[in-house]
Each structure stands twice: as structure tokens, then as C-alpha cells.
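Structural overview for review
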Amino acid sequence: MKRFLDLADFPREEVKDMLSLAARLQRHPQPSALAGKVLGLLFLNPSLRTLASFQSAMMRLGGTTVVITPGQGTWQLETRPGAVMNEAAAEHVREAVPVLASYCDAIGIRMFAEGRDLQHDLAETGFKMMADLCDKPLVNMESAANHPCQALADWRTMDDLHVPERGKFVLSWVNHPRALPLAVPAATVHMAAMRGMEVVVARPEGYALPEPIMEKARQAAQRCGGSVRETSDRAEALKGAHVLYAKEWGSAQHYGDSETEARLRKPLGDWCVDESWFTNADPHCHFMHCLPARRNVAVADAVLDGPRSVVIREAFNRMVVQMAVLYRLLRG
Ligand code: CP
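Residues numbered from 1 in each chain as written. Predicted model: local features only at pLDDT ≥ 70, side-chain atom pairs only at ≥ 80, totals over all residues. Heavy atoms only, no water.

**Some points on the packing of aromatic side chains**
One pair of aromatic rings is described through two measures. These are the centre distance and the angle between the planes. The criterion, for reference: Pairing of aromatic rings covers Phe, Tyr and Trp, the last through its six-membered ring, and needs centres within 6.5 Å; plane angles under 30 degrees mean stacked, over 60 mean edge-to-face, and all others mean tilted. Note on conventions: DSSP H or I runs of at least 4 residues are helices, E runs of at least 2 residues are strands, and numbering of each starts at the N terminus. Burial classes follow relative accessibility: with a 1.4 Å probe on protein chains only, a residue under 20% of its type's maximum area counts as buried, one over 50% as exposed, and anything between as partly exposed.
Across all of its chains, the model carries five aromatic pairs by this definition. With a centroid separation of 6.1 Å and an interplanar angle of 75°, the aromatic rings of Trp173 and Trp271 are classed as edge-to-face. Taken together, the positions of Trp173 in strand E8 (residues 168-173) and Trp271 in the loop between helix H10 (258-265) and strand E12 (286-288) put the pair 98 residues apart, joining distant regions of the chain. No difference in accessibility class separates Trp173 from Trp271, as the two residues are buried.

**Considerations on the site of the ligand**
The criterion, for reference: If a single non-hydrogen atom of a residue is within 4 Å of a molecule or strand, that residue counts as near it. We define a polar contact as two N or O atoms separated by no more than 3.5 Å, with the added condition that, inside protein, one atom must be a possible hydrogen donor and the other a possible acceptor, whereas residues neighbouring each other in sequence contribute only through side-chain atom pairs. Shrake-Rupley sampling with a 1.4 Å probe provides the accessible areas, and residues are treated as covered by the protein chains on show and by no other component. Only protein atoms enter the calculation, which uses a 1 Å grid: trapped sets of points that fit a 1.4 Å probe without letting it out are cavities, open sets showing protein on both sides within 12 Å along at least five of seven lines are pockets, and any residue with an atom within 4 Å of a point is a lining residue. Those molecules having more than half of their atoms within 2 Å of a cavity or pocket grid point set are described as sitting in that cavity or pocket. Three classes are used, and their members are as follows: Ala, Val, Leu, Ile, Met, Phe, Trp, Tyr, Cys and Pro are nonpolar, Asp, Glu, Lys and Arg are charged, and the others, Gly among them, are polar.
Surveying the vicinity of the ligand reveals the residues Ser47, Leu48, Arg49, Thr50, Arg110, His147, Gln150, Cys290, Leu291 and Arg318. Interatomic distance of 2.7 Å between a backbone N/O atom of Leu48 and an oxygen atom of the ligand. In this structure, an oxygen atom belonging to the ligand sits 3.1 Å away from a side-chain N or O atom of Arg318. Relative to its unbound accessible surface of 250 Å², the ligand loses 94% to contact with the protein. Judged by the fraction of its atoms near the pocket grid, the ligand is located in the largest pocket. Each residue belonging to the shell around the ligand can be placed in one class, and the counts come to three nonpolar, four polar and three charged.

**Focus: the layout of surface pockets**
Operational definition: Grid points are joined across faces, edges and corners, and a volume is the space filled by probe spheres set on the points.
By volume, the largest pocket is sized at about 900 Å³. For the lining of the largest pocket, the elements supplying multiple residues, two or more each, are helix H2 (49-60), helix H7 (183-194) and H10. No other element matches the four residues that H10 contributes to the lining of the largest pocket. Of the residues that constitute the lining of the largest pocket, the class distribution is 17 nonpolar, 12 polar and 13 charged.

If you want it as C-alpha cells, here you go:
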């Protein structure tokens, strides 16, 4: 394995094999497996879990990390091709990425959506440019339209909790003060479809996921025996659900238009998960969220702090599955 950029790049059996490796590495630690190896982590956007879980995973396997957060102790980086660099950025990624790669055995890059042009972001234009600059094994630590490490951790979390492979998985839009990127919803809906689940995306009018994201998930479902559909009828969606996965995202229809977004969101305050959402769900329905989550905007305290919530397990599993990803990238 040379790159871990998208779960869709791997057959289902290979993903399951990676999850088995993660379980083995957790049960039987290998503190020298990656001794002498260096992982470079380039964060063009903030993080808590991704940063700490990659550092912890690498350390538990005996390797080390170099973390670059441009503008915070390192030069501010320019990403635009052809930019006239007479503003704050002192260095272009065209030099910075190969230089970092030359010191390291593998690289992780986080580069969110620009949030202006939907087609540009769905095409992963920015991340692909960065990937082309890197000649070492590469991990996508969240791009414009993908977050494969989160998806793999969420798959493992459902396996841990014995959520049926053919169970009902509801990805629901939840509120947030502003439009967030499509990376997690895109990765999540695809992952659940690839796991073979009955996937329902619940969202208010105006927040349909873009067709390419739904089509990719439908194709995965077709291959893996699941199904995928969308609805604005939240109560119907949640009937019999085994998992409610809450996520905030911006309107694809009004992409980059913050004024229209603000107007659309104003009446959607009830898209904040509380216990009433689970009335007709499976009694053991789990609440999932990738974090960070806005308390009492996206989800009520009582749910996040209650027995349904598995958000801490999801975050912990980031470290566990990333150990397997790093092992495969650096040891085969
Ligand atoms: N879920 C996730 O990727 O968290 P961070 O943004 O804190 O890394």
C-alpha cells in the first residue's frame, strides 16, 4: 500500500483486513514495528484528534513524527498555483511538500475545502495538487470531500459495538453557526454503504448531498449489498435505526454563499439531536459524531453525555485504525 486517500480505493475485503490488523495491533502491541521511521504531518487546517491520534499511533509503533502547522512556528504557505507571493505566505507548497517528504518516510496532509466552488472541491483539486508533490507514502488526513481515517475508525466502532452489518444507519444533518465542508458526510455515507448497511441521509430541504457523493455511495451499496437514500422526513428516517450519525454540512445548492446559508439555517434550530429523536429508533440506537461537536446546537448535552453516545470510542479508534494504516504503508 502506497497511499491511503479514500476507502473507495480498496475492495471491501481489504478494508476488513485492515480492521483485523488494527485489532491485532491493539491486542498485541508492537512497540518497535516502525522504529527509525518518520511520519511528517502537514496541517493546513486545525485539528485535535487527527494530530494527537497520528502522533500517538506512530509513537506506539516505535516511530516518530514531524508536525508542520504553517503560520504557527513555520512559514505561512502559499497553495495557489501561479500566485504572486507578495502577501503573508513566505513559501509555496511546491517547495515545502517535497522538502518535508525528503526528511520523512511517509506524509499525512490535511487540506480542507476552499468552500467557494463546489465542483473544484468535489474534484479534490487542492489535495490532488499536494499529492502530486509528494513522492512518499501519503495519508489523507481530511481533504475537501473525504476523511478516510475517520470513516475507518467509525467502521471499527460499529464492529466493536456489534452493530449489524445490514443494520440501519442514519446520517443526519445537524445545525451549526456556519456551513461546514462535505468531507465527513461524504466519507461516512460511503463507508456505511460499503459496510453493507441500509443508509438513510436525513436532511432539511436545501441540504441534499451533491449527486456525485450519493452516486459513489450507491455504487458501493450495490457492490456490498446495502442501500442508500435521502429524505427530509427525519422521523421516518429514524424508525428502527441502529445508528444515528450526526454531522453538520453546508448547502451544496448555495455553496459559498454565506448570506443565503445564514438565512436557510435560521429556522433549523430543531435540527439539534435530543432524546426525542430516538423515540422510534432501535432501543439500543447509538449516537455517533466525528467531533468536534457544538453542544446544544448540534446535539443536546443529555445525548452527548448519555449512554447512547459513542463519540469518545470513535475518537479512540482513530488511533487504533491509523496504527494499521501506518503499518501497511511503512511495512507492507
Ligand atoms: N474528527 C476529526 O478529524 O477531528 P479533528 O478535526 O480534531 O482532527
